[in-house]
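Descriptive structure summary
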Amino acid sequence: MKQKYPNLLVSRPASHLARQQYDVIVVGGGHAGTEAAAAAARVGAETLLVTQKIHTIGALSCNPSLGGVGKGQLVKEVDALDGLCGRAGDWAGIHFSILNRRKGPAVWGPRAQLDRQRYREFIQSELLGTPRLTVLEGSVEELLVTEPNPEKPGHHRVTGIRLANGNHSISASSVVLTTGTFLSGSLFMGQTTSPGGRIGDAPSSAGLSHTLRERLGLRIGRLRTGTPPRIVKDSVDLSQAKLHPPDRHPTPFSFLNKNTRCKPEDQLPCYLTFTTPGVERVVRESLHLNCHIQQDTKGPRYCPSIESRVLRFPGRRHQVWLEPEGVTSDLLYPQGLSMTMPPDVQLRLIREIPAMHRAEIRTPGYGVQYDFVCPTQLSPALQVKSTQGLFLAGQINGTTGYEEAAAQGLWAGVNAARWALSMSPVILSRTESYIGVLIDDLVTRGVTEPYRMFTSRAEFRTALRPDNADLRLTLKGRYKVGCVSSLRYQETVRVKDNLQEVLEFLCAFFLSGMDVLQYNDVSFEMLASVFPECLSPYMEFSQRLKIEAVYRPLCDLQKKDIERIQKEENMSLPLDIDYFSLPVSLSQEVREILDRVRPSTLGAATRLEGITPAAIAHLLNYARHTGQKERRMHRNQVDQKED
């Protein structure tokens, strides 16, 4: 990787902005906000990123890691669309590993432990160097809302933001909200509650929540999450924990990088330890001191607090990963020990684990509760259906995790820019990407708890592999989406052409080279030793070719299913359709579900709970009839113009 010296962002007052009218305004500087702002600018929109504290842009609020099973696929796809987090991970990573390596490559999970400071500096440097992007430190008081454009669906139209402390207004054609855990956020520690979305930071303005709930009439829910205490590294007896070294050869996230910044020999290890009966005892003895765990608000099932794990699985030993926070950091992050009890009780609890019997806490753990917008109110472009020009991304949509936020942020930023520039929205199908699976799950099914991506959520995961995200998405990102640079496009074309050449040669064997590569004990390197003149120029693709050979038969079988689903996905259902007066045979229950969710396509309707096969058949006939009618009208208009 090239050496890079980050230029940290500096604050500027609203009155000193070069303009007071932008194409896109992004609110929030977390993973969703940074990807949204950068993506909108890449598409060509004049973009303003507004964040409460500029120096926290790109901060890793919770765990110092990126990727994992399902999440790593999202990082690869964000990178394929020219997003930031993959390259930032390669720059800041200090421990790289591929999870699930014992299983097939389709479910491998690229993951890295990160240096917090390096990651933040990389993101800030990238944003500072992005053309058409301005960064402003401030708090958004409310959205500017007016009457809708009568030619487009929606009951309201967003025209900008109003900042707190000065009543300063800034206009925009579209706004992307990425408020994370800050929307009416509350921090919990023991029996103490205070406003905030992250320790040391205030929550977003109450006026913003009021606008969403009262002015726009959106359905708002409440979720919770938490973070563990940070442990002083020198106070931990690592000899009593199991050493877990990184991969000997780090695998970069980004398709543009051949190597990571951190050299293989400079990587730091992680350590594994376990809870004890003493941990469970401390949890049970302190429940009366822990108001956060007593709340009804939904918490994350897949990353629960230690209190929730003990109560849900009594008598069980739970994993605790001790992860480094940076090359020069003196702290460890105890993954698996998220907790919200009083600080003195937290210290008692961690000292019940042998490796931490003398541990010291630098910063105690705490819980967060925050508002989210029920995501079935969004279109697949992540635009609020009832409000023209308003897009949402990240935890405000009910998700959890950096990777899910980054993926949504990129796609919301793309579509916010396209809306502002009078371009049609773009949609990713669940048949072509994990991002498509993520968004489709959110807008058609909604959430009852913080949503996390897993490979099991993708029906066609054998085709949606980490290794081929560039071939699936970069070319589309260049010409159909408009968010991919010429440099990345040219590199992907080079890779695509080289792979095509070597695949043609392998398939031309009397005994197909692709068939031979399907055997476990046959590698591309072995074939190259037999045909060095033909195959040795393609050694950089050896792993990709092996994976392609293994999965090609399965992918060929799935193509018909994918084509069928894509046909359903492409049958659009108007967002302003009146389901209660629709002249087709639908039950009142089905009409209510369709009216509430308002799926944009027939494929999205098929995945709604409570929608019967008979109802889908009637909708299919309606969609076909409507499509034929629109095509006839279009032909007549063309004929009239020609006459």
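Conventions adopted
Think of each chain on its own: its residues are numbered from 1, step by step along the sequence as written. In keeping with the predicted nature of the model, local features appear solely for residues at pLDDT of at least 70, side-chain atom pairs appear and are counted solely at 80 or more, and the whole-chain, interface and lining totals rest on all residues. To obtain the side-chain values, all non-hydrogen atoms of the structure were used and water was disregarded. Labels follow the DSSP assignment, with helices taken as runs of H or I lasting at least four residues and strands as runs of E lasting at least two, numbered in each case from the N terminus. Computation of the radius of gyration draws on C-alpha atoms, with the globule rule given as 2.2 Å multiplied by the number of residues to the power 0.38. Contacts between residues were defined by any pair of non-hydrogen atoms, one from each residue, lying within 4.5 Å. Methods summary: accessible areas were calculated by the Shrake-Rupley approach with a probe of 1.4 Å, and residue burial reflects only the protein chains presented. Residues counted as positive are Lys and Arg, residues counted as negative are Asp and Glu, and His and the chain ends are not counted. Charge placement uses NZ in Lys and CZ in Arg. For Asp and Glu, CG and CD serve respectively. Boundary definitions for the domains trace back to an automatic or database domain assignment. Salt bridge, as used here: a side-chain nitrogen of Lys or Arg that lies within 4 Å of a carboxyl oxygen of Asp or Glu. For the purposes of these results, a polar contact is taken to be a pair of N or O atoms within 3.5 Å, where, inside protein, one atom must be able to donate a hydrogen and its partner to accept one; residues adjacent in sequence count only when each atom of the pair is a side-chain atom. Residues are grouped as follows: Ala, Val, Leu, Ile, Met, Phe, Trp, Tyr, Cys and Pro are nonpolar; Asp, Glu, Lys and Arg are charged; every other residue, Gly included, is polar. In this description, a nonpolar core means a group of buried Ala, Val, Leu, Ile, Met, Phe, Trp, Tyr and Cys residues linked to one another through side-chain atoms lying within 4.5 Å. Only protein chains enter the accessibility calculation, which uses a 1.4 Å probe; a residue whose area is less than 20% of its type maximum is buried, one above 50% is exposed, and one in between is partly exposed. Two strands qualify as a pair provided that DSSP identifies no fewer than 2 bridges between them. Orientation is described by lines fitted to C-alpha atoms, with helices fitted over the stretch in contact, and by angles between N-to-C directions that extend from 0 to 180 degrees. Pairing of aromatic rings covers Phe, Tyr and the six-membered ring of Trp, with a centre-to-centre limit of 6.5 Å; geometry is then stacked below 30 degrees between planes, edge-to-face above 60, and tilted otherwise.

Bringing the overall build of the protein into the picture now. Within the protein, the regular secondary structure consists of 19 helices and 21 strands. Since a compact globule built from 643 residues should have a radius of gyration of about 26 Å, the 25 Å found for the protein is in line with a globular shape. Taking the principal axes of the C-alpha coordinates as reference, the protein spans close to 85 × 70 × 55 Å. Summarising the internal contacts of the protein: among those between residues at least 6 apart in sequence, 73% fall at separations of at least 24. For the protein, the exposed area adds up to about 27,700 Å²; of that, 50% sits on carbon and sulfur atoms. Within the protein, one finds 77 positive and 67 negative side-chain charges whose respective centroids are separated by 2 Å.

Looking at the assigned domains, one finds that the protein contains domain 1 (21-225 + 370-480), domain 2 (230-366), domain 3 (487-559) and domain 4 (571-640). Contacts between domain 1 and domain 2 engage 52 residues on the former and 50 residues on the latter. One salt bridge in this structure joins Arg-116 and Glu-325, with 2.8 Å as the shortest N-O distance. Our count for the contact surface shared by domain 1 and domain 2 stands at 24 residue pairs in polar contact (both at pLDDT 80 or more). Top contributing element to the side of domain 1 that touches domain 2 by residue count: strand β4 (residues 93-99), with 6 residues. Looking at the side of domain 1 that touches domain 2 residue by residue, the classes come out as 21 nonpolar, 14 polar and 17 charged.

Quick look at the nonpolar core now. Of all hydrophobic cores here, the largest spans 109 residues; its most connected members are Ile-25, Leu-143, Ile-161, Leu-177, Leu-212 and Leu-390. In terms of residue count, the dominant contributor to this core is helix α9 (residues 402-420) (11 residues). Both of domain 1 (21-225 + 370-480) and domain 2 (230-366) provide at least three residues apiece to this core. Residues within four places of Leu-177 in sequence aside, it is in contact with Val-27, Leu-143, Leu-208, Leu-212, Leu-390, Phe-391, Leu-392, Ala-393 and Ile-396. Of all hydrophobic cores here, the second largest spans 23 residues; its members include Val-283, Leu-332, Leu-349 and Ile-350.

Further remarks concern the side chain of Gln-335. As for its position among the elements, Gln-335 is in strand β17 (residues 331-335). Looking at Gln-335, the relative accessible area reads 18%, which means it is buried. Excluding residues that lie within four positions of it along the chain, Gln-335 makes contacts with Asn-63, Arg-111, Gln-319, Val-320, Trp-321 and Glu-323.

Taking strand neighbours across the sheet as the criterion, the 3 strands line up as β3-β5-β4 in an open arrangement whose pairing is antiparallel. Both outer strands of the open sheet, β3 (65-67) and β4, are each paired with one neighbouring strand and no more. On average, adjacent strands in this sheet sit at an angle of 20 degrees to one another, irrespective of strand direction. Pairing between β4 and strand β5 (residues 109-114): 6 bridges, direction antiparallel. Bridge pairing in β5 links Ile-98 to Pro-110. Sheet strands touched by helix α3 (residues 85-92): β3, β4 and β5. Its angle to β4, the strand with the most contacts, is close to 115 degrees.

On to the packing of aromatic side chains, then. Inspection of the entire model under this criterion finds 4 aromatic pairs. Seen from their ring centres, Trp-91 and Phe-122 are 6.2 Å apart, and the 40 degrees between their planes marks the pair as tilted. Residue Trp-91 is found in helix α3, and its partner Phe-122 is found in helix α4 (residues 116-128); the two are separated by 31 residues along the sequence. Note on Phe-122: relative accessible area 4%, which makes it buried.

Once that is clear, we can look at the sheet that holds strand β14 (residues 242-244). The antiparallel open sheet is built from 6 strands, whose spatial order is β14-β15-β16-β17-β13-β18. Edge positions in the open sheet fall to β14 and β18 (361-363), since each of these has one partner strand only. In this sheet, adjacent strand axes meet at a mean angle of 35 degrees when their direction is disregarded. Two strands pair when backbone bridges link them, and strand β16 (residues 319-324) and β17 are joined in this way by 4 bridges, in the antiparallel orientation. Among the inter-strand pairings, Glu-323 is bridged to a residue of β17, identified as Tyr-333.

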